[in-house]
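Chain residues, written in single-letter form:
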Amino acid sequence: MDASCLCGSLSWQIEGPAGWMSHCHCSICRKTHGAAFASYVAAPAAGFRLSGSEHGVRFESSPGCFRHFCGRCGSVVPGEVTEGRVFVPAGNFDADPGVRPRAHIFAASKAAWYEIPDALPRFEAW
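Residues numbered from 1 in each chain as written. Predicted model: local features only at pLDDT ≥ 70, side-chain atom pairs only at ≥ 80, totals over all residues. Heavy atoms only, no water.

**Remarks on the packing of aromatic side chains**
Quick note on the threshold: Stacked, edge-to-face and tilted are the three classes for Phe, Tyr and Trp ring pairs, Trp counted by its six-membered ring, which pair at centre distances within 6.5 Å; planes under 30 degrees apart are stacked, over 60 edge-to-face, the rest tilted. In this description a helix means any DSSP run of H or I spanning at least four residues, a strand means any run of E spanning at least two, and both kinds are numbered starting from the N terminus. For the exposure calls, accessible area comes from a 1.4 Å probe over protein chains only, and a residue counts as buried if that area is under 20% of its type's maximum, exposed if over 50%, partly exposed in between.
Evaluation of the coordinates by the stated rule reveals 2 aromatic pairs. Each ring, one from Phe37 and one from Tyr114, has its centre 5.6 Å from the other, and the planes form 55°; the classification is tilted. With a gap of 77 residues between them, Phe37 in the loop between helix 1 (27-33) and strand 4 (38-44) and Tyr114 in the segment after strand 9 (101-105) connect regions that are remote in the sequence. By relative accessible area, which is 23% here, Phe37 ends up partly exposed.

In structure tokens, the structure reads:
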């Protein structure tokens, strides 16, 4: 599966099946994405390839936690590999990633103006 930032300076591929997709309602994801929540897909790090990393910028949003984005267009892009997985923003895929959201995480931090409309499981935190 192929994905990229808005300007195409950063692109990435995932080989193998995509894993868990969730909607994150934490305040940091909401601010990073400028939306009610951010959707991410967990993918195996072994099949992840990133091109154009020289255009990537990272920001330490909280101690030890970095948010990654394209330095040219500002698009949110995948971050570091954690425990053999990489979390990929779902909106950047060029085609259907083949998975669907399975949960809402950090639902206790959701935007006050947004009501979660579906019956997916909701987790107060991670």
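**Here we look at unusual backbone geometry**
With phi around 50°, Glu83 is a residue other than glycine that occupies positive phi space. Its location among the elements puts Glu83 in the loop between strand 7 (65-70) and strand 8 (85-89). In this structure, Phe106 is a non-glycine residue whose phi angle is positive, near 55°. Positionally, Phe106 belongs in the segment after strand 9. Taking relative accessible area as the criterion, Phe106 reaches 25% and is therefore assigned partly exposed.

**What to know about the environment of Asp96**
Note the threshold: Polar contact criterion, stated in full: a pair of N or O atoms within 3.5 Å, where within protein one must be able to donate a hydrogen and the other to accept it, and residues adjacent in sequence count only if both atoms are side-chain atoms.
With respect to the secondary-structure elements, Asp96 resides in the loop between strand 8 and strand 9. For the pair Asp96 and Ala43, spaced 53 residues apart in sequence, the C-alpha to C-alpha distance is 14 Å. Within the structure, the side chain of Asp96 is placed 2.8 Å from the backbone nitrogen of Gly98, a separation counted as a polar contact. Side-chain polar atoms of Asp96 contact the side chain of Arg100, separated by 2.8 Å.

**Looking at the side chain of Ser22**
Test applied: Between two residues, a contact is recorded if the distance between any of their heavy atoms is within 4.5 Å.
Checked against the element boundaries, Ser22 lands in strand 3 (residues 21-24). On the basis of relative accessibility, which here comes to 7%, the residue Ser22 falls in the buried class. Not counting the four nearest positions on each side in its chain, Ser22 is found in contact with Ala38, Ser39, Tyr40, Ala103 and Ile105.

**Section: the sheet that holds strand 5 (residues 48-51)**
The strands making up a sheet are joined through hydrogen bonds of the backbone, oriented either antiparallel or parallel. Put simply, the rule reads: The pairing criterion is simple: DSSP has to find at least two bridges between the two strands. Here an axis means a line fitted to C-alpha atoms, over the contact stretch when the element is a helix, while the angle between two N-to-C directions is reported on a 0 to 180 degree scale.
With antiparallel pairing, the 3 strands of this open sheet are ordered in space as 1-2-5. The open sheet terminates on both sides in strands that have one partner only, identified here as strand 1 (2-4) and strand 5. Within this sheet the neighbouring strands show an average axis-to-axis angle of 20°, counted without direction. Strand direction decides the pairing type here: strand 1 and strand 2 (residues 11-14), joined by 3 bridges, are antiparallel.

**What to know about the layout of surface pockets**
Let me state the cut-off plainly: Each cavity reported here is a set of points on a 1 Å grid over the protein atoms alone in which a 1.4 Å probe fits but cannot get out, each pocket an open set with protein on both sides within 12 Å along at least five of seven lines, and each lining residue one with an atom within 4 Å of a point. Grid points are joined across faces, edges and corners, and a volume is the space filled by probe spheres set on the points. Any residue outside Ala, Val, Leu, Ile, Met, Phe, Trp, Tyr, Cys, Pro, Asp, Glu, Lys and Arg is labelled polar, Gly included; the first ten of those are nonpolar and the last four are charged.
Approximately 600 Å³ is the volume attributed to the largest pocket. Lining the largest pocket are 22 residues, with Cys65, Phe66, Arg67, Thr82 and Phe87 sitting closest to its centre. Counting residues per element, the ones that place at least two in the lining of the largest pocket are strand 3, helix 1, strand 7 and strand 8. Ranked by the residues each element gives to the lining of the largest pocket, the list is headed by strand 7, at 4 residues. A class-by-class count of the residues in the lining of the largest pocket yields 13 nonpolar, 6 polar and 3 charged.

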